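Coordinates in review
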Amino acid sequence: MEDQHVKVLNKTSGKNRLRYSSSRKRARDATADVYRSFKRAATGREESVHHHNDTGSTFAEERDLALDRNASEIFAQFHRKIWHLVRSLPEVLHHAETIVVLVLSHLLSPESTPGEATPIEQLGQRQRYVVNQATIDLLHLLGVLARDLRHEIHPFLHSKILPRIISDLLNPPPSAKQQVPLDVSYIEAAFRTLSFIFRYDAQVLLDQEACLEPMRRYYSVTLAHRRDIVRRLAAESFAPLVRKLGKKRHLKRILRALVASQNTDERLRQDAVDGIAQLFFEVARGAAGKVHSKGNTLAIHCIADFVIDHPNEVVFNVASAFFERLCGHLNTSSMEPVVMKLVRSAEDCSNSTALSYLLRLVTQVLGRKNSIFLKQQQHMVNVVTSLLKGKVERFGS
């Protein structure tokens, strides 16, 4: 099932509007970055809803469009229950909780009754659920609802929406039967929906740091997920909030939690290292070839300082994976500040273990751009050489 080919829109040259694409190809192309619309040929529905400043309610319009495209019985049931609640924006605001509950109840079906809506009284119960024919359209409508409600959707975020998507859809409880992996299209739709909700609810989420703290309990089940696409899209979803928060201590708490959980399973720890490195990279990543304006202070300084304060192999693995990704993204002119930060951190370091880790990171960064960077920035080699000589003489004495 992982290599199943499905028809997708043809984004390359050619006369055919549709083409077959494998799950691996779709996983590589999937993105939850809803701020850079130019990166992805977004569907016309997303483009018309989320990238225009039209006023008024769009939920009713999108609901009717979805009904035209989706002829399934479960979506027809959903439409019959909700149409009279969303005829205008004031009605949407007044019936917000009822609308959210109806969307979430039809979003997934109990494993025992596939194709049917989840009874409202069962929402929040930990059991296995499966996707149905309305899941993709309802995820889209949930993002549209966030656009209409803006910060009014916040009361339902931690209590209803995040548990339903992250716990029930992406992290179902284990089963004795061999399960078919969740298709890439559902994973991408889920994280794009979360990204739109975070985008419209950012004012309340970031009003105080404490509002973002409840989100940290979802880091472990997404950033340490066994599937790479879940870790990557989770990092893309959470990174804009972390950047807007602008607090290094939020990222340091994530690293402390990783250090504190070193007795966990080796595979789980490797996945967590990869996911956290991906989150740091998404925080630091700016436009093509550049570091984000806040990424230098947040991600690069934070992880370099943490290596000094907590010289640990696990922390070094996170830093190494982070700089490996960052070096692959940056162009030559953007590399020097990264190297200089590591060099300055090494100059100020008095711990031999931390120093060895920092020097390994410097070597890794310089070696990554060896063919171009070293030839154009030879003075950086001299700086590192003098640093090594001074540190060797200091610790040798």
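As a starting point, this report considers the structure included with it. (Residues numbered from 1 in each chain as written. Predicted model: local features only at pLDDT ≥ 70, side-chain atom pairs only at ≥ 80, totals over all residues. Heavy atoms only, no water.)

Quick look at the overall build of the protein chain now. Each helix and strand counted, the protein chain has 20 helices and four strands in total. Out of the 397 residues belonging to the protein chain, those deemed buried represent 51%. Of all intrachain contacts in the protein chain linking residues separated by at least 6 positions in sequence, the fraction that spans at least 24 positions is 68%. As presented, the protein chain carries roughly 18800 Å² of accessible surface, and 50% of it is formed by carbon and sulfur atoms. (Helix = DSSP H or I, 4+ residues; strand = E, 2+ residues; numbered from the N terminus. Buried < 20%, exposed > 50% of the residue type's maximum accessible area, 1.4 Å probe, protein only. Contact = heavy atoms within 4.5 Å. Areas by Shrake-Rupley, 256 points an atom, 1.4 Å probe, with all protein chains shown as cover.)

The terminal C-alpha atoms of helix H17 (residues 335-348), which comprises 14 residues, lie 21 Å apart, in line with the 20 Å expected from a rise of 1.5 Å per residue. For H17, the set of buried residues is Met335, Val338, Val339, Met340, Lys341, Leu342, Val343, Ser345 and Ala346. (Expected span 1.5 Å × (residues − 1).)

Here the focus is the layout of surface pockets. The calculated volume of the second largest pocket comes to roughly 730 Å³. Arg128, Pro172, Val180, Pro181 and Leu182 are, among the 30 residues lining the second largest pocket, the residues nearest its centre. At the level of secondary structure, the elements contributing two or more residues to the lining of the second largest pocket comprise strand S4 (129-131), helix H8 (157-170) and helix H9 (184-205). Tallied by class, residues from the lining of the second largest pocket come to 17 nonpolar, six polar and seven charged. (1 Å grid on protein atoms, 1.4 Å probe; cavity = no way out; pocket = protein on both sides within 12 Å on 5 of 7 lines; lining within 4 Å. Points joined across faces, edges and corners; volume = space filled by probe spheres on them. Nonpolar A, V, L, I, M, F, W, Y, C, P; charged D, E, K, R; others polar.)

Turning our attention to the nonpolar core. As a rule of thumb, soluble globular proteins bury nonpolar side chains together. If you look at the biggest cluster of nonpolar residues, it comprises 118 residues, and the most contacted ones within it are Ile161, Phe322 and Phe323. Sorting elements by how many residues they give to this core places H9 first, with 12 residues. Setting aside residues up to four positions removed in sequence, Ile161 forms contacts with Val100, Leu104, Leu142, Ile153, Phe156 and Ile197. (Core = buried A, V, L, I, M, F, W, Y, C linked by side-chain atoms within 4.5 Å.)

Running from amino to carboxyl end, helix H14 (residues 266-284) crosses helix H15 (residues 295-309) at an angle of 150°, the nearest separation of the two axes being 8 Å. Of the residues in H15, those in contact with Phe280, Val283 and Ala284 of H14 are Gly295, Leu298, Ala299, Cys302 and Ile303. Residues belonging to the contact of H14 with H15 are distributed by class as follows: seven nonpolar, one polar and no charged. (Axes fitted to C-alpha atoms, helices over the stretch in contact; angles between N-to-C directions.)

The tally for this structure, following the rule as stated, stands at 21 salt bridges. Glu97 is the salt-bridge partner of Lys160, the closest N and O atoms lying 3.7 Å from each other. Residue Lys160 is found in helix H8, and its partner Glu97 is found in helix H6 (residues 96-107); the two are separated by 63 residues along the sequence. Among the residues examined, Glu97 registers a relative accessible area of 45% and is labelled partly exposed. Ionic pairing is found between Glu282 and Arg285, a salt bridge with its closest N-O pair at 2.8 Å. Assessed through its relative accessible area of 6%, Glu282 is described here as buried. Residue Arg285 is classed as buried on the basis of its relative accessible area of 10%. (Salt bridge = Lys/Arg side-chain N within 4 Å of Asp/Glu carboxyl O.)

To continue, consider the environment of Arg87. With respect to the helices and strands, Arg87 occurs in the loop between helix H4 (73-82) and helix H5 (89-94). In this structure Arg87 comes out as exposed when scored by relative accessible area, which is 55%. The spatial distance from the C-alpha of Arg87 to the C-alpha of Glu61 is 9.1 Å, given a sequence separation of 26 residues. A polar contact of 3.5 Å, which involves the side chain of Arg87, links it to the backbone oxygen of His84. (Polar contact = N/O pair within 3.5 Å; in protein donor to acceptor, adjacent residues only side chain to side chain.)

At a minimum axis distance of 10 Å, the contact between H4 and H6 shows a crossing angle of 170°. Accordingly, the angle class assigned to the pair H4 and H6 is roughly antiparallel. Residue-level inspection shows Ile74, Gln77, Phe78, Lys81 and Ile82 of H4 in contact with H6, the latter providing Ile99, Leu102, Val103 and His106. Taken together, the residues that form the contact of H4 with H6 break down as six nonpolar, two polar and one charged. (Parallel < 35°, antiparallel > 145°, perpendicular 65-115°, else oblique.)

Let us look at H4. Ile74, Phe75, Phe78, His79 and Ile82 are the residues of H4 that are buried. End-on view of H4: buried residues confined to an arc of 140°, all on one side of the axis. (Arc of directions from axis to C-beta.)

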